[in-house]
Amino acid sequence: MRIYTTNLMNNAVTRMAVITVFSCLITYRVAGVGEHCGLAFVGFAALLLDAIVFIGWIMMATYVIWSRRKLPPMNPKAGRLLDLIGLVTFVYWLAISGIPALIVGAWIIPLVWMAWCVSLYIALKVK
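Heads up: these notes are all about the structure in this document.

Calculation criteria
Residues numbered from 1 in each chain as written. Predicted model: local features only at pLDDT ≥ 70, side-chain atom pairs only at ≥ 80, totals over all residues. Heavy atoms only, no water. Helix = DSSP H or I, 4+ residues; strand = E, 2+ residues; numbered from the N terminus. Buried < 20%, exposed > 50% of the residue type's maximum accessible area, 1.4 Å probe, protein only. Contact = heavy atoms within 4.5 Å. Areas by Shrake-Rupley, 256 points an atom, 1.4 Å probe, with all protein chains shown as cover. Expected span 1.5 Å × (residues − 1). Arc of directions from axis to C-beta.

1. A few points about the overall build of the chain
Tallying secondary structure elements over the chain gives four helices and zero strands in all. Taken from N to C terminus, the helices and strands of the chain fall in the order α-α-α-α. The buried share among the 127 residues of the chain stands at 35%. Here the analysis covers contacts within the chain between residues at least 6 apart in sequence; of these, 84% occur between residues at least 24 apart. When the accessible surface of the chain is split by element, carbon and sulfur atoms take 75% of a total near 8200 Å².

2. Observations regarding helix 3 (residues 76-97)
Taking 1.5 Å per residue, 22 residues should reach 32 Å; helix 3 reaches 31 Å between its end C-alpha atoms and fits that length. All of the buried residues along helix 3 are Ala78, Gly79, Leu82, Ile85, Gly86, Thr89 and Ile96. Axial view of helix 3: buried residues confined to an arc of 130°, hence all on one face. Helix 3 presents Pro76, Lys77 and Arg80 as exposed residues on the side facing more than 90 degrees away from its buried surface. Elements that come into contact with the buried residues of helix 3 comprise helix 1 (12-32) and helix 4 (108-125).

3. Looking at unusual backbone geometry
Positioned with a positive phi, Asn7 is a non-glycine residue whose angle comes to about 60°. Despite not being glycine, Arg68 shows a phi value in the positive range, around 55°. By secondary structure assignment, the location of Arg68 is in the loop between helix 2 (40-67) and helix 3.

Laid out in structure tokens, this is it:
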């Protein structure tokens, strides 16, 4: 049996999907609880975007694996930066999942999405 390499996990699309999923989960957690009742729509929109990105990535991954396509790998330096941003968003999501809503402020939502914009710029511009 041959092992086909697809570079699925070393691709900019996969790394951006991971960052998007965790950014949406942070937004949903912060906007959906506590005294931030005015942000309930933002939390719902984040959850909807999260589901769309996750299902879209699953469909893309299934297609790439079944068709045995080889995706272009990312630049190692840019990949490490995106991995670091993904790790920070994951760790922050884990941290806020276990603490009361009063400690988490709505101020973090713009910061998370600014980090997402920076990671999108890195993914698109760094070759």
